[in-house]
Amino acid sequence: MTAPILLGLHLLLGVAGGIAVGGGVIALFIVLDMVPRLAQLTSSYDKVHWYEGAMIGGSLLGTMSDFWNWKISAGPLVELGVGLLDGIFVGMLAAALTEVLNVLPILAKRLYMTRYLFGLLMAMVCGKVAGSMFDWFVYQR
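About the cut-offs
- Residues numbered from 1 in each chain as written.
- Predicted model: local features only at pLDDT ≥ 70, side-chain atom pairs only at ≥ 80, totals over all residues.
- Heavy atoms only, no water.
- Helix = DSSP H or I, 4+ residues; strand = E, 2+ residues; numbered from the N terminus.
- Rg over C-alpha atoms; globule rule 2.2 N^0.38 Å.
- Buried < 20%, exposed > 50% of the residue type's maximum accessible area, 1.4 Å probe, protein only.
- Contact = heavy atoms within 4.5 Å.
- Areas by Shrake-Rupley, 256 points an atom, 1.4 Å probe, with all protein chains shown as cover.
- Patch = residues over 30% accessible without salt bridge, like charges linked within 9 Å, V, L, I, M, F, W, Y side chains within 5 Å.
- Salt bridge = Lys/Arg side-chain N within 4 Å of Asp/Glu carboxyl O.
- UniProt positions renumbered as here; feature names shortened; annotations may be inferred.
- Expected span 1.5 Å × (residues − 1).
- Phe/Tyr/Trp six-rings, centres within 6.5 Å; stacked < 30°, edge-to-face > 60°.

Notes on the overall build of the protein
In terms of helices and strands, the protein carries 6 helices and 0 strands. Traced from its N-terminal end to its C-terminal end, the protein shows the element sequence α-α-α-α-α-α. A globule of 141 residues ought to have a C-alpha radius of gyration of about 14 Å, yet the protein, at 20 Å, is considerably larger. The C-alpha extent of the protein, read off along each of the three principal axes, is 70 × 35 × 35 Å. Classification of the 141 residues of the protein by burial places 8% in the buried group. For the protein, the proportion of contacts with a sequence separation of at least 24, taken over those separated by at least 6, is 37%. Per element, the accessible surface of the protein, about 11,600 Å² overall, is 74% carbon and sulfur.

Structure, rendered in structure tokens:
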């Protein structure tokens, strides 16, 4: 194939793949009702457009930083802040998924652990933190 045709094909496939993945992510956010639930929990219904813009801007910035291999060399405090914001996002996504599926109450009822629901939740949180720390400090080296 000639270079312009190959470039056009790569461009078409890249845009089509981006639309497919972006549509899937937005569909997940819509199904999980993340933005309305966040506005409800924080009593900030007038800021819904800010939440939506932050989600879109964060996705775009994250995609661009991954695509062009951006590095942050601003010191450990900035890296800590970025990691904290990443953790908040992943935690909110997991909480929204759990809330929609009602996983914890059903699991606690089936295992006859309704009295220990808080302990079950804390065990899950501590397991997630321990797994993340292992991945961060041991596996990634």
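The rest of the description comes next.
Section: a nonpolar patch on the surface
Among the surface-exposed residues, Phe118, Leu121, Met122, Val125, Val129, Met133, Phe134, Trp136, Phe137, Val138 and Tyr139 lie close enough to one another that they form a single nonpolar patch of about 1,200 Å² accessible area. When you line up the elements, Tyr139 lands in helix α6 (residues 117-139).

Quick look at the UniProt feature "transmembrane region" (unreviewed entry) in the protein
Per the UniProt record, "transmembrane region" (unreviewed entry) is annotated on residues 6-32, 53-70, 82-104 and 116-139. Across residues 116-139, helical content stands at 96% and strand content at 0%; the span's end C-alpha atoms are separated by 32 Å.

Focus on unusual backbone geometry
Although it is not a glycine, Ser43 adopts a positive phi angle of roughly 55 degrees. Among the structural elements, Ser43 can be located in the loop between α2 (34-42) and α3 (48-67). Here the phi dihedral of Asn69 falls at roughly 55 degrees; this positive angle occurs in a residue that is not glycine. Relative to the helices and strands, Asn69 is located in the loop between α3 and α4 (76-101). Classification of Asn69 by relative accessible area gives exposed; the value is 53%.

Some points on α3
End to end, α3 covers 29 Å across 20 residues, agreeing with the expected 28 Å (1.5 Å per residue, within 8%). Just downstream of α3 lies Asn69, where phi reads positive at about 55 degrees.

Focus: the packing of aromatic side chains
With the rule as written, the count across this model stands at 3 aromatic pairs. When the centroid spacing of 6.3 Å and the interplanar angle of 25 degrees are considered together, the rings of Trp68 and Trp70 count as stacked. Its relative accessible area of 44% is what places Trp70 among the partly exposed residues. Geometrically, the ring pair formed by Trp136 and Phe137 is tilted, given 5.5 Å between the ring centres and 35 degrees between the ring planes. Taking the relative accessible area as the measure of exposure, Trp136 reaches 55% and is therefore exposed. Members of the aromatic cluster, joined through ring pairs, are Phe67, Trp68 and Trp70.

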